[in-house]
Structures are given as C-alpha cells and as structure tokens.
Amino acid sequence: MSKATKKIGIMGGTFDPIHMGHLILGEKAYEQLELDKVLFMPCGNPPHKRNRKGRATDEQRAEMVRLAIEDNPHFELSLIEMHEEGYTYTYRTLEQLNKANPDTEYYFIIGADSLYDFDTWCRPDRICKAASLLVATRNAVPEESLKEQMLYLEEKYKGNFIQLHTPNLEISSQTLRDWIRQGKSVRYYLVDEVYTYIREEGIYRA
Ligand code: ATP
Ligand code: MG
C-alpha cells in the first residue's frame, strides 16, 4: 500500500452564489487538518435545471467561485463535476480522484445540514471509503446532536468523520438570492468581486 503524501480538502456545493460560509469552511479545514490545498468543486446541473429563472447559470456559478478564491493561493477551482451530462455523484468523483492520485488523502467538507442528509446520498459507504468527512456546524445544531449523528454514520458506513471547529455561520445562498431579489444589501456576506459580478450580470433579479 502506498503512503499518502498529500492531503487535499474538497468543498463541494452548488455555490449559487458562493458566500463567506463556504470560504470560511475551506479556510478552517485547511488550517485544522494542515491540508495542502482545498478544491472548490461546483456541482453540475443536469440540462433540465440549467438557465432557471432567478438562478445563476453553470458558467456564472463557476465564475463566481473563481472570483471568490482567486486571491487565496491554497484554494483551487475544480470543474470536474461540471460537464455536459450534468449530473455527478460524489462517490464517483472521489473514486476517480483517488484512482488518479493514489498518493493523496481526500477530506470532503460538509455542513451539518448535509450530515443529516448524508444517509440519502448515493452510496454513502463508497464516499466514506474514498474520503474523510469534515463536518462543520450549521443552523445552531446542538453539539451533542452533531456528535451523535457523526458517530451513527461512522459506525454505519465505517467512515472517518471529523468535526471542523467553526463558529455557527448564519448564512445561506438561499437567503442571499432572496435578499438580492428584494433589493436588499448582501454586502460583506460575499466577496466584493462576486457582489460586483452579480450586479453587472443582473443575476438573481428575476
Ligand atoms: P442553498 O441555500 O442554495 O442550499 P447553501 O448556502 O446551503 O445554499 P450549498 O452550495 O448548498 O450552499 O452548500 C455546499 C456545502 O456547504 C454544504 O455541505 C453545506 O452544508 C455547506 N454550507 C453552506 N453554507 C454553510 C454555513 N453557513 N455553515 C456551514 N456549512 C455551510
Ligand atoms: Mg444547501
């Protein structure tokens, strides 16, 4: 067995739009786990979900991520989940990465809401085999409940679940889309360049 020499975090999401919560999770994961880098991986939308009213296109979501992370040398944009067919499964992406990079250990970063959904994801057992799960709190979920769910999944799927030490970050893309549509300020919740881009492109106005 080859020994892992690299540790890479993966921050996956819709990023519609990418916000401070995503960026802080990536940065804290980098720091806490002493990662080599963090990949920001926007998921692809299947063709029937593209160009929906009030949503950003796949290209715009990717561009917002690029703008948000460009000044951080240990963040990188990965477009491997964005392709014509659209749909991708996390376990497949992770297995593909493991195969291509046998010297790398992967850490998949999720918020607490995703932890409670995890059972419904496709092949959680294979996700757990391919990566450690880094879990950040969200929606002020009680610490014991979070730990209990991590333990439950750890036993069920023989996974490695690690708690990320982040404060509760009261922010979601949904809230930001609503605020933009209502003409409310989202300043400071987003990187300035992303905010400018959203205004220039008129995203989320519909
Ligand atoms: P939406 O409101 O559209 O669902 P979102 O803010 O939840 O957007 P996603 O792109 O769906 O953002 O999330 C990607 C990942 O980041 C998920 O694992 C989610 O749990 C996590 N995440 C997003 N925002 C936060 C936050 N404020 N605190 C902790 N985790 C978060
Ligand atoms: Mg979400």
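In this text the structure is predicted, and so the values were computed from the model without any measurement. Numbering of residues starts from 1 in every chain and runs along the sequence as written. Just so you know, chain letters begin at A and ligand numbers begin at 1, following the order they were written in. Local features in a predicted model are, by the rule used here, given only for residues with pLDDT of at least 70; side-chain atom pairs are given and counted only at 80 or more, and totals for whole chains, interfaces and linings are based on all residues. Computation of side-chain values: all heavy atoms of the structure, hydrogens and water removed.

S.K.: Break down the site of ligand 1 for me, with residues and values.
M.R.: Around ligand 1 sit 20 residues in total, of which His19, Asp113, Ser114, Leu169 and Ser173 are the nearest. Between an oxygen atom of ligand 1 and a side-chain N or O atom of histidine 22, the distance comes to 2.9 Å. Distance and chemistry together define a polar contact, namely a pair of N or O atoms within 3.5 Å, with one atom able to donate a hydrogen and the other to accept it when in protein, and with adjacent residues in sequence counting only for side-chain atoms on both sides. Here an oxygen atom of ligand 1 sits 2.8 Å away from a polar atom, N or O, in the side chain of serine 114. Think of a 1 Å grid over the protein atoms and nothing else: a 1.4 Å probe that fits but is trapped marks a cavity, an open set flanked by protein within 12 Å on at least five of seven lines marks a pocket, and residues with an atom within 4 Å of a point count as lining. Any molecule with more than half of its atoms within 2 Å of a cavity's or pocket's grid points is regarded as sitting in that cavity or pocket. For ligand 1, the cavity whose grid points lie within 2 Å of the majority of its atoms is the largest pocket. Those elements that place two or more of their residues in the shell around ligand 1 are β1 (6-13), α1 (20-32), β4 (104-111), α4 (112-117) and α7 (173-181). Here the nonpolar group is Ala, Val, Leu, Ile, Met, Phe, Trp, Tyr, Cys and Pro; Asp, Glu, Lys and Arg are the charged ones; every other residue, Gly included, is treated as polar. Across the shell around ligand 1, the residue classes tally to 6 nonpolar, 11 polar and 3 charged. Working definition: residue near molecule or strand if any one of its non-hydrogen atoms lies within 4 Å of it. The numbering of helices and of strands both runs from the N terminus, where a helix is a DSSP run of H or I of at least 4 residues and a strand a run of E of at least 2.

S.K.: Help me get a handle on the packing of aromatic side chains, residues and values and all.
M.R.: Note on ring pairs: Phe, Tyr and Trp rings are taken, using the six-membered ring of Trp, and paired if centres are within 6.5 Å. Classes follow the plane angle, with under 30 degrees stacked, over 60 edge-to-face and the rest tilted. All told, the structure shown has 9 aromatic pairs when counted by the stated rule. Between tyrosine 87 and tyrosine 89, the aromatic rings sit 5.7 Å apart at their centres with planes inclined by 70°, giving edge-to-face as the arrangement. Considering the side-chain rings of phenylalanine 108 and tryptophan 121, the 6.3 Å spacing of their centres and the 85° angle between planes classify their relative orientation as edge-to-face. Taken together, the residues phenylalanine 108 in strand β4 and tryptophan 121 in the loop between α4 and α5 (124-130) connect sequence positions 13 residues apart. Residue classification places phenylalanine 108 among the buried positions, given a relative accessible area of 8%. By way of ring pairs, the aromatic residues Phe108, Phe118, Trp121, Tyr157 and Phe161 are connected into one cluster. Each ring is checked for a lysine NZ or an arginine CZ that lies within 6 Å of its centre and within 35 degrees of its normal; such an atom marks a charge sitting over the ring. Just above the ring of tyrosine 195 sits the side chain of arginine 199; from NZ or CZ to the centre is 4.3 Å. We call a residue buried when its accessible area falls under 20% of the maximum for its residue type, exposed when it is over 50%, and partly exposed in between, using a 1.4 Å probe and counting protein chains only.

S.K.: Help me get a handle on the layout of surface pockets, residues and values and all.
M.R.: In this structure, the largest pocket encloses a volume near 1200 Å³. Lining the largest pocket are 43 residues, and of these Gly12, Gly13, Thr14, Cys43 and Ser114 sit closest to its centre. Of all the secondary structure elements, the ones that give two or more residues to the lining of the largest pocket are β1, α1, β4, α4 and α7. The leading source of residues in the lining of the largest pocket is β4, at 4 residues. Its residues assigned to classes, the lining of the largest pocket shows 17 nonpolar, 17 polar and 9 charged. Grid points are joined across faces, edges and corners, and a volume is the space filled by probe spheres set on the points.

S.K.: Go over the sheet that holds strand β2 (residues 37-42) with me, naming the residues and quoting the values.
M.R.: In this scheme, strands are said to pair when DSSP sees at least two bridges between them. The strand order β3-β2-β1-β4-β5-β6 describes an open sheet built from 6 strands, whose pairing is parallel. Of all the strands in the sheet, the pair left with one neighbour each is β3 (75-77) and β6 (161-163). Neighbouring strand axes in the sheet, compared pairwise and without regard to direction, differ in orientation by 30° on average. In this structure, β2 lies alongside β3, joined through 3 bridges in parallel fashion. Across the sheet, residue valine 38 finds its bridge partner in β3, namely phenylalanine 75. In what follows, a contact means two residues having at least one pair of non-hydrogen atoms within 4.5 Å. For helices, the fitted line uses only the C-alpha atoms of the stretch in contact; every axis is such a line through C-alpha atoms, and the angle between N-to-C directions lies from 0 to 180 degrees. Sheet strands in contact with helix α2 (residues 58-69) are β1, β2 and β3, and its direction is about 160° off that of β3. Running over the sheet, helix α3 (residues 90-100) touches β1, β2 and β4 and is turned about 155° from β4.

S.K.: Could you give an account of the nonpolar core, naming the residues involved and the relevant values?
M.R.: The set of buried Ala, Val, Leu, Ile, Met, Phe, Trp, Tyr and Cys residues whose side-chain atoms join them within 4.5 Å is what this entry labels a nonpolar core. One finds Ile18, Leu23, Phe40, Met64, Ile109, Val194 and Ile198 to be the most contacted residues of the largest nonpolar core, which totals 34 residues. Other than its neighbours up to four places away in sequence, isoleucine 109 contacts Ile10, Met11, Leu25, Gly26, Ala29, Val38, Leu134 and Leu164. Counting residues in each nonpolar core, the second largest holds 25 residues, with Leu94, Phe108, Phe118 and Met150 among its members.

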